[in-house]
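Architecture at a glance
These are the residues of each chain, in order.
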Amino acid sequence: MFYIETDKVTYNQIKTLLPDIKPDIKITLMSCDDNLEKLGFCSSAPCVVYFDLDFDELNDLLDDLMQLETDAFNTDDGKPPLDNDPYYQKYKKYGWLWDVLFYAKEA
């Protein structure tokens, strides 16, 4: 099992998007301090999110997310991808997840 410390907005984005890539991953919000947000101390409440994954599953997920970038920028002519390229669109939608999950800590 792995966890990340993030904010509520990012948690909601992960909860929405990650099942598109790996629908079998169980995501659990372990803690969220909504009071800090209500009191105006932060714009989005800090949270701890757990992922029911073992080490190999996390590495496979990171590889899949890295492949999105490879597919997006591996163009036939070597130029940057066009904005309407489907691989690039998928990378723009899901690519940021790699940055978040790369720093997941083992629980």
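Residues numbered from 1 in each chain as written. Predicted model: local features only at pLDDT ≥ 70, side-chain atom pairs only at ≥ 80, totals over all residues. Heavy atoms only, no water.

1. Some thoughts on the sheet that holds strand β2 (residues 27-32)
In sheet architecture, strand pairing relies on hydrogen bonds along the backbone and comes in two forms, parallel and antiparallel. Our working definition: Strand pairing is defined by DSSP finding a minimum of two bridges between the two strands. Each helix is a run of DSSP H or I of at least 4 residues and each strand a run of E of at least 2, with the numbering of both proceeding from the N terminus. A contact between two residues is defined here by any heavy atoms of the two lying within 4.5 Å. Axis angles are defined between N-to-C directions and span 0 to 180 degrees, where every axis is a line fitted to C-alpha atoms and, for a helix, only to the segment in contact.
The sheet built from four strands is open, its strands ordered β2-β3-β1-β4 with antiparallel pairing. The open sheet is flanked by β2 and β4 (105-106), the only strands paired with a single partner. Where strand β1 (residues 2-7) meets β4, two bridges bridge the pair, whose relative direction is antiparallel. Paired with Phe 2 across the strands is Glu 106, a residue of β4. Across the sheet, helix α1 (residues 8-21) touches β1, β2 and β3 (46-51), and the angle it forms with β1 is around 130°.

2. Topic: α1
Every α-helical turn comprises 3.6 residues, leaving residues that sit three or four positions apart pointing alike. Rules: The span you would expect from a helix comes to 1.5 Å times its residue count less one. The angle between axes fitted to the seven-residue stretch ending at a residue and the seven-residue stretch beginning at it gives the bend at that residue. Remark: exposure states derive from per-residue accessible area (1.4 Å probe, protein chains only) relative to the maximum for the residue type, with buried under 20%, exposed over 50%, and partly exposed in between. Any pair of nitrogen or oxygen atoms within 3.5 Å is treated as a polar contact; in protein, a donor-acceptor pairing is required on top of that, and neighbouring residues in sequence qualify only through side-chain atoms on both sides.
Given a rise of 1.5 Å per residue, 14 residues ought to cover 20 Å, and the 20 Å separating the end C-alpha atoms of α1 matches this to within 8%. The principal kink in α1, of about 25°, is found at Lys 15, preceding the proline Pro 19 by one to four residues. Along α1, the residues classified as buried are Thr 10, Tyr 11, Ile 14, Leu 17 and Leu 18. The backbone nitrogen of Val 9 has a side-chain oxygen 3.1 Å away, supplied by the residue at the start of α1, namely Asp 7.

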